[in-house]
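Results of the structural survey
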Amino acid sequence: MRVGDDYLEAVLDLVAQIPRGRVMTYGTIAEVISDRLPADERRGGPRQVGYVLSRAGGGVPWWRVVNAAGGPAASHLSAALTALASEGTPLAAAGLRVDLRAALWWPVED
DNA sequence: ACATTGACTAATT
DNA sequence: TAATTAGCCAATG
């Protein structure tokens with residue numbers, strides 16, 4: 001098995017576990033993955049999580065992954081907002097971003 | 001091997 | 001609270 005695929009799988013698996021109506025930030029995902037994987041398989045930061053998701057394409061609820069500001073990924077943001085709204089994700093008053101205080105999800109908390 | 005790019009974050013102003 | 005700047009890690013050309 002190729003090295004690095006574990007990281008990719010870990011990210012995809014974690015994203016797939018995000019409950020409907022909840023979200024996770026790139027930084028949080030990076031933290032959890034780093035903690036779950038051995039040092040050899042670790043990859044650095046939030047940007048790599050984004051890279052993995054960009055390559056993942058369909059089959060993964062990527063719209064449940066948001067940046068630290070609470071806004072959807074820089075691309076496809078209208079699609080993400082639509083999907084989030086459809087799933088009942090708590091949106092901020094402006095409607096342009098997610099209410100992190102209410103929607104942010106943590107794997108161990110749930 | 002060097003420079004550029006990107007689904008990012010945190011600190012500063 | 002919002003806009004700017006600097007730092008970050010890996011991929012890609």
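Structural notes, computed from the coordinates. Throughout this description, residue numbers start from 1 for each chain and increase along the sequence as written. Chains carry letters from A onward and ligands carry numbers from 1 onward, assigned in written order. Local features in a predicted model are, by the rule used here, given only for residues with pLDDT of at least 70; side-chain atom pairs are given and counted only at 80 or more, and totals for whole chains, interfaces and linings are based on all residues. By convention in this description, side-chain values take in all heavy atoms of the structure and omit both hydrogens and water.

Looking at the environment of His76
In this text, helices come from DSSP runs of H or I with a minimum length of four residues, and strands from runs of E with a minimum of two, each type numbered from the N-terminal end. For His76, the position within the fold is in the loop between strand 2 (65–66) and helix 4 (77–86). Remark: the alpha-carbon pair of His76 and Gly44, spanning 32 residues in sequence, is separated by 24 Å.

Thoughts on the protein's contact with DNA strand C
In the neighbourhood of DNA strand C, the contacting residues comprise Arg43, Gly44, Gly45, Arg47, Gln48 and Tyr51. Definition of nearness: a residue and a molecule or strand are near each other if at least one heavy atom of the residue lies within 4 Å of the molecule or strand. Of all atoms in DNA strand C that approach within 4 Å of the protein, 85% are sugar or phosphate atoms. Here a sugar or linking oxygen of DNA strand C and a backbone polar atom of Gly44 are 3.2 Å apart. What qualifies as a polar contact is a pair of N or O atoms within 3.5 Å, subject to a donor-acceptor requirement within protein and to the restriction that residues adjacent in sequence count only when both atoms come from side chains. Between DNA strand C and Gln48 there is a distance of 2.9 Å, counted from a sugar or linking oxygen to a side-chain nitrogen or oxygen. Residues are sorted three ways: Asp, Glu, Lys and Arg are charged, Ala, Val, Leu, Ile, Met, Phe, Trp, Tyr, Cys and Pro are nonpolar, and all the rest, Gly among them, are polar. Per-class residue counts for the surface near DNA strand C are one nonpolar, three polar and two charged.

Re the protein's contact with DNA strand B
Near DNA strand B there are 13 residues, and of these Arg47, Gly50, Ser54, Ala68 and Ala73 occur at the shortest range. The sugar-phosphate portion of DNA strand B accounts for 36% of its atoms within 4 Å of the protein, the bases making up the rest. Here a phosphate oxygen of DNA strand B sits 3.3 Å away from a polar atom, N or O, in the main chain of Gly27. In the environment of DNA strand B, a base nitrogen lies 3.1 Å from a nitrogen or oxygen atom belonging to the backbone of Gly50. Mapped by element, the contributors of at least two residues to the surface near DNA strand B are helix 2 (26–36) and helix 3 (46–56).

Section: the packing of aromatic side chains
Working definition: rings of Phe, Tyr and Trp (its six-membered ring) pair if their centres are within 6.5 Å, and the pair is stacked with planes under 30 degrees apart, edge-to-face with planes over 60 apart, and tilted otherwise. The tally for this structure, following the rule as stated, stands at one aromatic pair. Ring geometry for Trp62 versus Trp63: centroids 5.7 Å apart, planes at 80°, classification edge-to-face. Exposure classes here rest on a 1.4 Å probe applied to the protein chains alone. A residue is buried below 20% of its type maximum, exposed above 50%, and partly exposed in between. Trp62 gets classed as partly exposed once you look at its relative accessible area, which sits at 24%. Take Trp63: its relative accessible area is 23%, and that puts it in the partly exposed class.

What about the packing of helix 1 (residues 5–16) against helix 3?
The contact between helix 1 and helix 3 brings their axes to 10 Å, and the two run at 80°. With respect to helix 3, the element helix 1 is oriented roughly perpendicular. Contact with helix 1, carried on its side by Tyr7, Leu8, Val11, Leu12 and Val15, involves Gln48, Val49, Val52, Leu53 and Ala56 of helix 3 and no other residues of that element. For the contact of helix 1 with helix 3, a count of residues per class yields nine nonpolar, one polar and no charged. As a rule, the C-alpha atoms of each element are fitted with a line to give its axis, helices using only the stretch in contact, and angles between N-to-C directions run from 0 to 180 degrees. If an angle is under 35 degrees, it is roughly parallel; if it is over 145, roughly antiparallel; if it lies from 65 to 115, roughly perpendicular; otherwise it is oblique. Contacts are assigned to residue pairs that have any heavy atoms within 4.5 Å of one another.

Remarks on helix 4
Residues of helix 4 that are buried include every one of Ala80, Leu81, Ala83 and Leu84, and no others. Seen along its axis, helix 4 keeps its buried residues to an arc of 165°; they face one direction. In this description, the arc belongs to the directions extending from the helix axis to the C-beta atoms.

A look at the packing of helix 2 against helix 3
Put simply, helix 2 and helix 3 touch, their axes get as near as 8 Å, and they point 95° apart. Judged on the interaxial angle alone, helix 3 and helix 2 are roughly perpendicular. Within the contact between the two elements, helix 2 uses Tyr26, Gly27, Ile29 and Ala30 and helix 3 uses Pro46, Val49, Gly50 and Leu53.

By themselves these figures say nothing about function.
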